[in-house]
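# Overview (structure and organization)
Below, each chain spelled out in residue letters.
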Amino acid sequence: MASFEARSRHPNLWPPFTQLATAALPQRIVSGKGSLLYREHGEPLIDAISSWWVTLHGHGHPVMAAAIAEQAHRLEQVIFADFTHEPAERLGERLSVITGLERLFFSDNGSTAVEVALKIACQWWHNQGQPRQQIIAFDGAYHGDTFGAMAVGERNLFSEPFEQKLFPVARVPWPSTWWGDEAVVEKEDAALQVLDQLLETPTAAVILEPLLQGAGGMAMVRPEFVRAVAQRVQDSNVLLIADEVLTGFGRTGDWFACHRAGIQPDLMALSKGLTGGCLPMGVTMASERIFQGFVGQDPALTLWHGHSFTANPLGCAAANASLDLLEANPEAFRGFEQRHKQHLQRLLNHPRVGRIRLTGTVAAFDLNVEGTAGYLNPAGPTVKRIAMEHGVFLRPLGQVVYLLPPLSTSDQQLEQCYGAIEAALAKL
Ligand SMILES: Cc1ncc(COP(=O)(O)O)c(C=O)c1O
């Protein structure tokens, strides 16, 4: 195997999703305030992708910082079997009201929130004495990097070395749509036909990213499609898992994408914006009906799953503070779509821009460029470099350019983001 000099700013660190032989050197960030990241060297950058889609209210938010600090002084961590604590209880009460799912199970990140949802779904059928093998997911899905989450995600370059270890999953096409898409109904019908056929086999669960597949290329579907899927899944007496790790907490313009689509899943995976993006935490919400399937005298009914940091009090305090901020100003997320729209309209007839789409705080389009569509398309790094020269941090998914900024982003900063994109388009 060829040996490359690993280019890393630090000899002891191994960064995620990065080929060190070819990647640019990472820059050191010293602080963050609102939508800005302050570098050791160079002008501040607008964090136009919310640092991997997590930062919700902006960096260094005083309410978030105070809530975490206050909790750190009171109780930073405690084993969550045998004990409970007020921040966890309060979060459980609040999330059960806003998700319509009564029970909350804690884990550490988006992948584990998905793993737990899959395990709950499979074991629920097992506990009923009717084990079901089939799980249905969508083409292009991304649900995380642990084994179960990888199995339900699209199989690709990232999962290829593990292919033999991943359980089989049935697939339905994802009828992505965009402004002016005339074939959308046709694509949806074709996808629903595949789903109908698959649902003839006993199925434990269907998992989807409602409205928006993130890592799959900011690929959006219509609420009508999500509703049609949910209806069929329910009619077939199959469990529906909504992976709202990305879409939760206002990202799609409503509290949850499920709300915007008008559906009620049986299980919901949440993370990222859960703690306002300040601390790592995941939760899996489950309906009372599902929960009751795990309750009884027989130990075999128990969900034997847990993590050292289950319900970490700092994470719970951050999540409660983040909900306070969202409740105090829901217009911040409800109004974002309109703010994007006026800028996107400017790009509508640009020869380099295709397939414009928008939901809530997330705006995306495809670059009309050479090369295979996908994560490794070279146009992405070019746009990223030029945008950075204009003070904006973007991280295109191959030829897909998107903005997913924190709610703190001002009109002027949003204008700067679109200005940086236009500058990049001009140089492509
Ligand atoms: C929809 C979705 N599910 C799950 C995950 C995995 O979350 P994490 O990276 O926190 O493990 C992601 C991450 O981007 C995601 O977008």
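Please read all numbers here as calculations on a predicted model, not as lab measurements.

### Remarks on the overall build of the protein
When helices and strands are counted, the protein shows 14 helices and 16 strands. Taken over C-alpha atoms, the radius of gyration comes to 22 Å for the protein, in line with the 22 Å a tight globule of 428 residues would show. Each principal axis of the C-alpha atoms in the protein carries an extent, and together these give about 65 × 55 × 55 Å. Counting only residues that meet the buried cut, the protein has 46% of its 428 residues in that class. Of the contacts made within the protein by residues no fewer than 6 positions apart, 70% connect residues no fewer than 24 positions apart.

### What about the site of the ligand?
Near the ligand there are 14 residues, and of these N109, G110, S111, G144 and V245 occur at the shortest range. Residue contributions to the shell around the ligand peak at 3 residues, all from helix α4 (residues 110-127). Grouping the amino acids of the shell around the ligand by side-chain chemistry returns 5 nonpolar, 7 polar and 2 charged.

### Considering the sheet that holds strand β5 (residues 134-138)
A sheet is described by the order of its strands in space; here 7 strands give the open sequence β4-β12-β11-β10-β7-β5-β6, paired in mixed fashion. Strands with a single pairing partner mark the edges of an open sheet, and in this sheet they are β4 (103-107) and β6 (170-172). Strand-to-strand twist of the sheet, defined as the mean angle between neighbouring strand axes without regard to direction, takes the value 20°. Examined bridge by bridge, β5 and strand β7 (residues 203-208) share 3 bridges and lie parallel to one another. Each residue of the ladder has a partner; that of I136, found in β7, is V206. Packing against the sheet, α4 makes contact with β4, β7, β10 (239-243), β11 (267-270) and β12 (282-286), and its axis sits at approximately 30° to β12.

### Observations regarding the sheet that holds strand β14 (residues 362-367)
Strands sit in the order β13-β14-β16 across an open sheet of 3 strands; the sheet is antiparallel. In this open sheet, the two strands that pair with only one neighbour each are β13 (353-359) and β16 (400-403). With direction set aside, neighbouring strand axes in the sheet form an average angle of 15°. As judged from the 5 bridges shared by β13 and β14, these two strands associate in the antiparallel manner. Residue pairing across strands places R357 opposite A364, the latter belonging to β14.

### Things to note about the pairing of β11
Residue alternation in β11 divides its side chains into two sets, L267 and A269 and M268 and L270, and both sets are buried. Pairing analysis gives 3 bridges linking β10 to β11, with the strands arranged parallel. By the bridge assignment, A242 is partnered in β11 with M268. Bridge analysis of β11 against β12 gives 4 bridges, and the strand direction is antiparallel. Bridge pairing in β12 links M268 to M285.

### Points about the domain arrangement of the protein
Split by domain assignment, the protein resolves into domain 1 (29-60 + 331-427) and domain 2 (64-328). Placing a centre on the C-alpha atoms of domain 1 and another on those of domain 2 gives a separation of 26 Å. Counting residues at the interface gives 23 residues for domain 1 and 23 residues for domain 2. Secondary structure elements with two or more residues in the side of domain 1 that touches domain 2: α1 (50-53), α11 (331-334), α12 (336-347), β13, β14 and β16. Here the side of domain 1 that touches domain 2 gets 4 residues from one element, more than from any other, and that element is β13. Considered class by class, the residues forming the side of domain 1 that touches domain 2 number 11 nonpolar, 8 polar and 4 charged.

### Details of the packing of helix α2 (residues 62-74) against helix α10 (residues 313-328)
Their axes nearest at 9 Å, the elements α2 and α10 cross at an angle of 150°. One way to sum up the angle between α2 and α10 is to call them roughly antiparallel. Where α2 crosses over α10, the two elements pack in a sense that is right-handed. On the side of α2, the interface is formed by V63, M64, A67, I68, Q71 and A72, while α10 contributes P313, L314, A317, A318, N320, A321, S322 and L325. Grouping the constituent residues of the contact of α2 with α10 by class yields 11 nonpolar, 3 polar and no charged.

Rules of the game
- Residues numbered from 1 in each chain as written.
- Predicted model: local features only at pLDDT ≥ 70, side-chain atom pairs only at ≥ 80, totals over all residues.
- Helix = DSSP H or I, 4+ residues; strand = E, 2+ residues; numbered from the N terminus.
- Rg over C-alpha atoms; globule rule 2.2 N^0.38 Å.
- Buried ≥ 20, exposed ≤ 12 C-beta atoms within 10 Å, placed from the backbone.
- Contact = placed C-beta atoms within 7 Å.
- Near = placed C-beta within 6 Å.
- Nonpolar A, V, L, I, M, F, W, Y, C, P; charged D, E, K, R; others polar.
- Pairing = 2+ DSSP bridges.
- Axes fitted to C-alpha atoms, helices over the stretch in contact; angles between N-to-C directions.
- Domains from an automatic or database assignment.
- Parallel < 35°, antiparallel > 145°, perpendicular 65-115°, else oblique.
- Left-handed = near helix turned anticlockwise from the far one by under 90°.

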